[in-house]
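# Tertiary structure, described
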Amino acid sequence: MIKAQMKILTKRVVALDTIEMNLQNDYISKHALPGQFLHIQVGNYTLRRPVSIADCNRETGTVTILFRVSGKGTNELATYDSGKMLDVLGPIGNGYPINLESPSTVLLVGGGIGIPPLYYLGKTLKEKGINVLSVLGYQGKEHVFLEQEFLELGKSIIVTNDGTYGEKGFVTDFLDRIGLYDCYYSCGPIPMLKAVSAKLKDKQGYISLEERMGCGVGACFACVIPTKEGTGYKKICKDGPVFKAEEVLL
Amino acid sequence: MIKAQMKILTKRVVALDTIEMNLQNDYISKHALPGQFLHIQVGNYTLRRPVSIADCNRETGTVTILFRVSGKGTNELATYDSGKMLDVLGPIGNGYPINLESPSTVLLVGGGIGIPPLYYLGKTLKEKGINVLSVLGYQGKEHVFLEQEFLELGKSIIVTNDGTYGEKGFVTDFLDRIGLYDCYYSCGPIPMLKAVSAKLKDKQGYISLEERMGCGVGACFACVIPTKEGTGYKKICKDGPVFKAEEVLL
Amino acid sequence: MIDLAIELPGLSLKNPIMPASGCFGFGREYSKFYDLSKLGAVIMKAATGRERFGNPTPRVAETSSGMLNAIGLQNPGVSKIIETEVPFLANFDTPIIANIAGSTLEEYELVARSFNKTDKVHALELNISCPNVKEGGIQFGTDPQMAAHVTEVVKKASNLPVYVKLSPNVTDICSMAKAVEEAGADGLSMINTLTGMQIHLPSRRPLIANKTGGLSGAAIKPIAIRMIYEVSQQVNIPIIGMGGIQSAADVLEFLLAGASAVAIGTANFQNPFVCSEIIDELPLVLGKYGFTSVEEAIGKGIVS
Amino acid sequence: MIDLAIELPGLSLKNPIMPASGCFGFGREYSKFYDLSKLGAVIMKAATGRERFGNPTPRVAETSSGMLNAIGLQNPGVSKIIETEVPFLANFDTPIIANIAGSTLEEYELVARSFNKTDKVHALELNISCPNVKEGGIQFGTDPQMAAHVTEVVKKASNLPVYVKLSPNVTDICSMAKAVEEAGADGLSMINTLTGMQIHLPSRRPLIANKTGGLSGAAIKPIAIRMIYEVSQQVNIPIIGMGGIQSAADVLEFLLAGASAVAIGTANFQNPFVCSEIIDELPLVLGKYGFTSVEEAIGKGIVS
Ligand SMILES: Cc1cc2nc3c(=O)[nH]c(=O)nc-3n(C[C@H](O)[C@H](O)[C@H](O)COP(=O)(O)OP(=O)(O)OC[C@H]3O[C@@H](n4cnc5c(N)ncnc54)[C@H](O)[C@@H]3O)c2cc1C
Ligand SMILES: Cc1cc2nc3c(=O)[nH]c(=O)nc-3n(C[C@H](O)[C@H](O)[C@H](O)COP(=O)(O)OP(=O)(O)OC[C@H]3O[C@@H](n4cnc5c(N)ncnc54)[C@H](O)[C@@H]3O)c2cc1C
Ligand SMILES: Cc1cc2nc3c(=O)[nH]c(=O)nc-3n(C[C@H](O)[C@H](O)[C@H](O)COP(=O)(O)O)c2cc1C
Ligand SMILES: Cc1cc2nc3c(=O)[nH]c(=O)nc-3n(C[C@H](O)[C@H](O)[C@H](O)COP(=O)(O)O)c2cc1C
Ligand code: FES
Ligand code: FES
């Protein structure tokens, strides 16, 4: 992890209140692993904002992020234009374990703004010759993004809560329909992660967690999560944000 | 006074750490009187920054300010480029009284960043057919600005504290040399105003004062100055910033 | 339709928004920006027994997300206020709250009694917490017994409802609140400023001539919310909340913490229209978070 | 040459800059950004008698120019700290200060005594002011007698100099300071966080799971400066100042107010290099304002 200036190369609205940005930095693009995140300084806000790495291109030295405009920081970030420099810590955390046997199949289960990091993961796995299936949940039609990109990785089911696009319902309703797979990776809101990991409790799975962060580097104990085997804990920023599904207590 | 958006038309460095900006707003340019000021919101700082009106063009609807880059606000203001909108309260306060008999002569005595409002005053008086003399003090050569403009108004002596340009010394050393005049107008640091008004105590004079401000509109009592005749006080923002030299207790 | 009205002792507010004492003078200046009849109420600058000039300047300093002030209760004195300021404000269709201050019990009593002479003032805000008065004002605000005593004296002297304005510069805000409630306060007003200081590096001395000043603005909002949250659960009188409010969302945060109405101080300096704009914005914000009235939101953020 | 060195009881500091307790863990993470030997000293995260998990999450919230935290003294316990963290920090050429906390007098005593076992810790910072400990920790920090008592107990148990870390959540900070000085404190550390709260509008409840949290960051700097200014005139022991420091100019402000050294907390989160950068910048700032050493600036902002 380094503290770096990243130049905003492009900014694009990809869905309702959802912005994609391409950021330039050689070191970070060369070292970023799927599941890691950037800790971004926006304006002069006291705390940095954690945002996952959604894609990465080592050749061009670029890193892609996708974020939902929700509070003060993301609102301000959304106003930044290309050319502006962002002060970033990254890449942070432990990514998804990707040392799989080659002829295997993985399932990606994403919900809302938890979907972006799964794209970089899926792309990396596919490049390694692994089959990638996805079930992606969105609130509604106008929230859908990265659809085409996931389709290119492999079979993909789009689910919307209100049925305005793709299938209607929750991602958990479609985990049986996607086919066979060896393990799963999931990122999304806590209720979704709970439901997914409960439903897939017999499968090996990895989930990516969010928590309000202070330092983002493991020093302040803001972002801890209890581990299942009793009194232990993990720091989401440093030990995560990806954990084995059975490891942590949601 | 109104709350208005003013567009920055031009920005120019005119001397060391001294910036000139032309701002557009019809209402303010039409109503601004010499000696009045703008109360400018910079960034999200809690308090607005008072800056004098240095010139004004009713035809083009522009107002000129000159400011010294000193603290946080002026540093940030200095980074703003043309095109940006400034949130401004103005024009504020009572300007210099300018109802003089036509064939008369006035002396302008300015020090440092107190010089800009005297320019708009001098220009206005000259347009009314009044003779304008000036004694202008700066720290040193690289701080000098508006020299040519004042020369065009009439006789003008430039004084620098370190003697690197014009005469060496303080403005008060040259008040005798400038010639005859009926009254004087002065703006600059308090020690200078004290020295000037002491030296010219037999002349009618007007001085412009600075004080740290809260509201800038007369509501908070931050910017008061005691009046000479005992227990009274004046608010610099509302009753000033210009006062008769004998009126207030420096 | 979102109902903004709220009934407090002595005050029928059409909305819960009022300018805070000392940040709005006596309304004259801001009346040039918008019609003051729009306001829930107006709280006047502190009144003392006689005219006060206040502290030497500089009286204000800027801090991160806040400011310090040490005005020192400058005001024309209670008689002049009743004579010239109250009649001006009475032109507007909004209740008037008089903020009263003093250095001695006798002065508080005198000022409180003076306001009985006019029927145009609807409530008193008893300022026992101004940190900028040297002669003893501060003790009233930090000792529960003293606070209770001055409350009793003012209650007895006045025929108006009394809102006691609490100082946050105390170890135990709840015991202060309970003491003045027991002494007869009709409501609370909180919080006043926190005592702070800024040192001016070039001159190597406190920037504010009075050395210390009161910290206000967004910086103190979390402290105000905490204190209101705690106090509102321990008293049965309404709270006018204040401290760092800048938006309608902030107002809702104060309501959820247990305030029944709010006052807005420092934010007027940045935006003279702030009270008016927040009044316009409040119904939208209440609606967005599922409330149909101000009443309904009060104390709803309190969890047991 | 500007002299940054400063001598405090038990601590020979090459410069007055140290990371504040709880904001720097045990140094491991920040040691990846720069060489910790550069620091004046390191103050470790609080140590308690046994491992603590701390409070439920969310534990932090952002406020205007500040943040709230309610970590709840999570730490691996004093034995583990001595076993694994102290040796790591001892690799660097900088003094180590152990921040000690507890819920009972006995726990404070135990933790203080435990640090006698290692010769690698140079001073104790006695945290009597953490607002996030429920069992009674807070009372130690707001009652002068309790504060004096715990100071005495810790002094007796330890062979190290003791810096007592004061809470700003009190009516009278000077009486707290004087009480612990009399009880044997070798120095003071001030200020800890102010108790605050933020209410999350969508969920209608306090954002921090613990409800209240401690307010830190630039927002509280004026309060820290005021308290240090007042206390430094009333005690004869040195003060480690903290609260909102973000720049070398801020450090000078603390020195002028009477602090002899400073700690930097929240600012590390925005800029992990902040302590290192301030150390580089400090000579320039001291020089700019006419000082040739840190020593010379201490208390120079105090006017009578
Ligand atoms: C490891 C990790 C990866 C993330 N990846 C993404 C991503 O790829 N795209 C995306 O849109 N969002 C992502 N988030 C959530 C994102 O961090 C928040 O949406 C963002 O911080 C909100 O900031 P704000 O200023 O808009 O909101 P505000 O409410 O103004 O923020 C106030 C404070 O709360 C924190 N905060 C608010 N919401 C969240 C949240 N959901 N999670 C953590 N902190 C929060 C902010 O960081 C800030 O400190 C991620 C969060 C984590 C922890
Ligand atoms: C009526 C009036 C007219 C002025 N006209 C001009 C002008 O034409 N050109 C110019 O360069 N300057 C002028 N000034 C001074 C100018 O307001 C300050 O230089 C400016 O506010 C400094 O802001 P800052 O953010 O850079 O400094 P900071 O030190 O960061 O400001 C902190 C706070 O102190 C206040 N402050 C700091 N210095 C002064 C000061 N000298 N006077 C009043 N408030 C101050 C700021 O407004 C702010 O509230 C005028 C001041 C007044 C009162
Ligand atoms: C310049 C100024 C003057 C003030 N004068 C008074 C006063 O006279 N009486 C009083 O009770 N409070 C006074 N206050 C405190 C405010 O009424 C309010 O309690 C405090 O500023 C917190 O609110 P805010 O953060 O919205 O400003 C004053 C505050 C400021 C900033
Ligand atoms: C996340 C966090 C954790 C903290 N933990 C401790 C602690 O364990 N012990 C302690 O004495 N102070 C603790 N503090 C208080 C800081 O040491 C410091 O006193 C306070 O934050 C003010 O300084 P700052 O504004 O520079 O952060 C903590 C502060 C923060 C923000
Ligand atoms: S955010 Fe500080 S430990 Fe994770
Ligand atoms: S600045 Fe408020 S009265 Fe002048």
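Residues numbered from 1 in each chain as written. Chains lettered and ligands numbered in written order. Predicted model: local features only at pLDDT ≥ 70, side-chain atom pairs only at ≥ 80, totals over all residues. Heavy atoms only, no water.

### Digging into the sheet that holds strand 5 (residues 55-57) of chain A
Residues and elements named next belong to chain A.
- Strand order in the open sheet formed by seven strands is 4-3-7-1-2-6-5, with antiparallel pairing between adjacent strands. Each edge of the open sheet carries a strand with a single partner, namely strand 4 (49-52) and strand 5. Across the sheet, the mean angle separating the axes of adjacent strands is 35° when strand polarity is ignored.
- As defined by bridge partners, strand 3 (residues 37-41) adjoins strand 4 across four bridges and the pair is classed as antiparallel. (Pairing = 2+ DSSP bridges. Helix = DSSP H or I, 4+ residues; strand = E, 2+ residues; numbered from the N terminus. Axes fitted to C-alpha atoms, helices over the stretch in contact; angles between N-to-C directions.)

### Considering helix 6 (residues 221-232) of chain C
Residues and elements named next belong to chain C.
- Taking 1.5 Å of rise per residue, 12 residues should cover 16 Å, and helix 6 covers 16 Å from first to last C-alpha, within 8% of that figure.
- Among the 12 residues of helix 6, 11 are classified as buried, and the element is accordingly described as predominantly covered.
- Within helix 6, the full set of buried residues consists of Lys 221, Pro 222, Ile 223, Ala 224, Ile 225, Arg 226, Met 227, Ile 228, Tyr 229, Val 231 and Ser 232. (Expected span 1.5 Å × (residues − 1). Buried < 20%, exposed > 50% of the residue type's maximum accessible area, 1.4 Å probe, protein only.)

### What to know about the interface of chain D and chain C
- Opposite the 42 residues of chain D that make contact, chain C presents 42 residues.
- Across the interface of chain D and chain C, roughly 3600 Å² is buried in total on both sides, 66% from carbon and sulfur atoms.
- When the area that chain D buries against chain C is broken down by residue, the three leading residues are Met 197, Leu 201 and Arg 204 of chain D, summing to 19%.
- Taken together, chain D and chain C are joined by zero salt bridges.
- Of all the elements in the fold, those that place two or more residues in the side of chain D that touches chain C are strand 11 (194-197), strand 13 (205-206), strand 14 (212-216), helix 6 (221-232) and helix 7 (248-257) of chain D. (Contact = heavy atoms within 4.5 Å. Buried area = accessible area lost by both parts, 1.4 Å probe. Salt bridge = Lys/Arg side-chain N within 4 Å of Asp/Glu carboxyl O.)

### Focus on the site of ligand 2
All names here are of chain B.
- The environment of ligand 2 is made up of 20 residues, and the closest members are Pro 50, Arg 68, Gly 73, Thr 74 and Arg 212.
- In the model, an oxygen atom of ligand 2 is placed 2.4 Å from a nitrogen or oxygen of the Thr 74 side chain.
- Note that a nitrogen atom of ligand 2 is positioned 3.1 Å from one of the side-chain N or O atoms of Glu 210.
- In isolation ligand 2 exposes 820 Å². Once the protein is present, 86% of that is buried.
- Mapped onto the shell around ligand 2, the elements with two or more residues apiece are strand 4 (49-52), strand 6 (62-68) and helix 2 (72-79).
- For the shell around ligand 2, the leading source of residues is strand 4, giving four residues. (Near = heavy atom within 4 Å. Polar contact = N/O pair within 3.5 Å; in protein donor to acceptor, adjacent residues only side chain to side chain. Areas by Shrake-Rupley, 256 points an atom, 1.4 Å probe, with all protein chains shown as cover.)

### A look at the confidence of the model for chain C
- Averaged over chain C, the pLDDT score is 95; the fraction of residues at 70 or greater is 97%.
- Reported confidences for the modelled complex are a pTM of 0.97 and an ipTM of 0.96. (pLDDT = per-residue confidence, 0-100.)

### A word on the site of ligand 1
Residues and elements named next belong to chain A.
- Around ligand 1, a shell composed of 21 residues is seen, among which Pro 50, Arg 68, Gly 73, Thr 74 and Arg 212 lie nearest.
- In this structure, Lys 72 approaches ligand 1 through a main-chain N or O atom, which is 3.0 Å from an oxygen atom.
- At 2.7 Å, a side-chain N or O of Arg 212 approaches an oxygen atom of ligand 1.
- Surface burial for ligand 1 is 86%, taken as the share of its 820 Å² of free accessible area covered by protein chains.
- Among the secondary structure elements, those contributing two or more residues to the shell around ligand 1 are strand 4, strand 6 (62-68) and helix 2 (72-79).
- The element that contributes the greatest number of residues to the shell around ligand 1 is strand 4, accounting for four residues.
- Class assignment for the residues of the shell around ligand 1 results in nine nonpolar, five polar and seven charged. (Nonpolar A, V, L, I, M, F, W, Y, C, P; charged D, E, K, R; others polar.)

### A few points about the pattern of salt bridges
Residues and elements named next belong to chain A.
- Per the stated rule, a full pass over the model turns up 39 salt bridges over all chains.
- Glu 167 serves as the salt-bridge partner of Arg 177, at 4.0 Å between the closest nitrogen and oxygen. Here Arg 177, found in the loop between strand 11 (167-168) and strand 12 (183-187), pairs with Glu 167, found in strand 11; they are 10 residues apart in sequence, far enough to count as distant.
- Assessed through its relative accessible area of 52%, Arg 177 is described here as exposed.
- According to the relative accessible area criterion, Glu 167 is partly exposed, its value standing at 33%.

### Side note on the pairing of strand 13 (residues 204-208) of chain A
All names here are of chain A.
- Across the five residues that make up strand 13, a large majority, four, are buried.
- For the crossover that starts at strand 12, traverses helix 5 (residues 190-199) and ends in the parallel strand 13, the hand is right-handed.
- By the bridge criterion, three bridges tie strand 13 to strand 16 (residues 242-244) in an arrangement that is antiparallel. Considered in strand 16, the bridge of Ser 208 is made with Val 242. (Right-handed = clockwise from strand over helix to strand, strands pointing away.)

### Considerations on the interface of chain D and chain A
- At the interface, 30 residues of chain D touch 28 residues of chain A.
- Note on chain D versus chain A: buried area summed over both sides is about 2400 Å², and carbon and sulfur give 59% of it.
- Contact with chain A buries area across many residues of chain D, yet Glu 62, Phe 269 and Gln 270 of chain D alone supply 27% of it, more than any other trio.
- Counting across the interface, chain D meets chain A through three salt bridges.

### What about helix 2 (residues 105-114) of chain C?
- Listed in full, the buried residues belonging to helix 2 of chain C are Glu 107, Tyr 108, Val 111, Ala 112 and Ser 114 of chain C. Angular distribution of buried residues about the axis of helix 2 of chain C spans 160°; they occupy a single face of the element. (Arc of directions from axis to C-beta.)

### Section: the arrangement of the chains
- Ranked by contact count, the leading pair among the three pairs of chains in contact consists of chains C and D.
- The least C-alpha distance between chain A and chain B, which are not in contact, is 10 Å.

### Comments concerning the packing of aromatic side chains
- Counting across every chain of the model gives 24 aromatic pairs over all chains.
- Plain terms: the ring middles of Tyr 119 of chain B and Phe 150 of chain B are 5.6 Å apart, the flat faces sit at 70° to each other, and that makes the pair edge-to-face. Of this pair, Tyr 119 of chain B sits in helix 3 (residues 115-127) while Phe 150 of chain B sits in helix 4 (residues 147-153), placing them 31 residues apart in sequence. An identical accessibility class is assigned to Tyr 119 of chain B and Phe 150 of chain B; each is buried.
- Relative to Tyr 30 of chain D, the ring of Phe 24 of chain D lies with its centre 4.6 Å away and its plane at 10°, an arrangement referred to as stacked. There is no split in this pair, since Phe 24 of chain D and Tyr 30 of chain D are both buried.
- In this structure, Arg 49 of chain B is placed above the aromatic ring of Tyr 45 of chain B, and the distance from its NZ or CZ to the ring centre is 5.0 Å.
- Positioned above the aromatic ring of Phe 221 of chain B is the side chain of Lys 235 of chain B, whose terminal nitrogen or guanidinium carbon lies 4.5 Å from the ring centre. (Phe/Tyr/Trp six-rings, centres within 6.5 Å; stacked < 30°, edge-to-face > 60°. Lys NZ or Arg CZ within 6 Å of the ring centre and 35° of its normal.)

### Considering the nonpolar core
- Within the largest apolar cluster, 303 residues are counted, with the highest numbers of intra-cluster contacts made by Phe 115 of chain C together with Phe 115 of chain D.
- Apart from residues lying up to four places away in sequence, Phe 115 of chain C is in contact with Met 44, Ala 47, Val 78, Ile 81, Ile 82, Val 86, Ala 98, Ile 100, Val 121, Leu 124 and Leu 160 of chain C. (Core = buried A, V, L, I, M, F, W, Y, C linked by side-chain atoms within 4.5 Å.)

### As for the relation of the copies chain D and chain C
- Superposition record for chain D on chain C: RMSD 0.0 Å, screw rotation 180°, translation along axis 0.0 Å. Expressed as an axis order, the relation between the two copies is that of a two-fold axis.
- Same-surface contact between copies: 100% of interface residues of chain D are shared with the interface of chain C. (Least-squares fit on C-alpha atoms with pLDDT ≥ 70 in both.)

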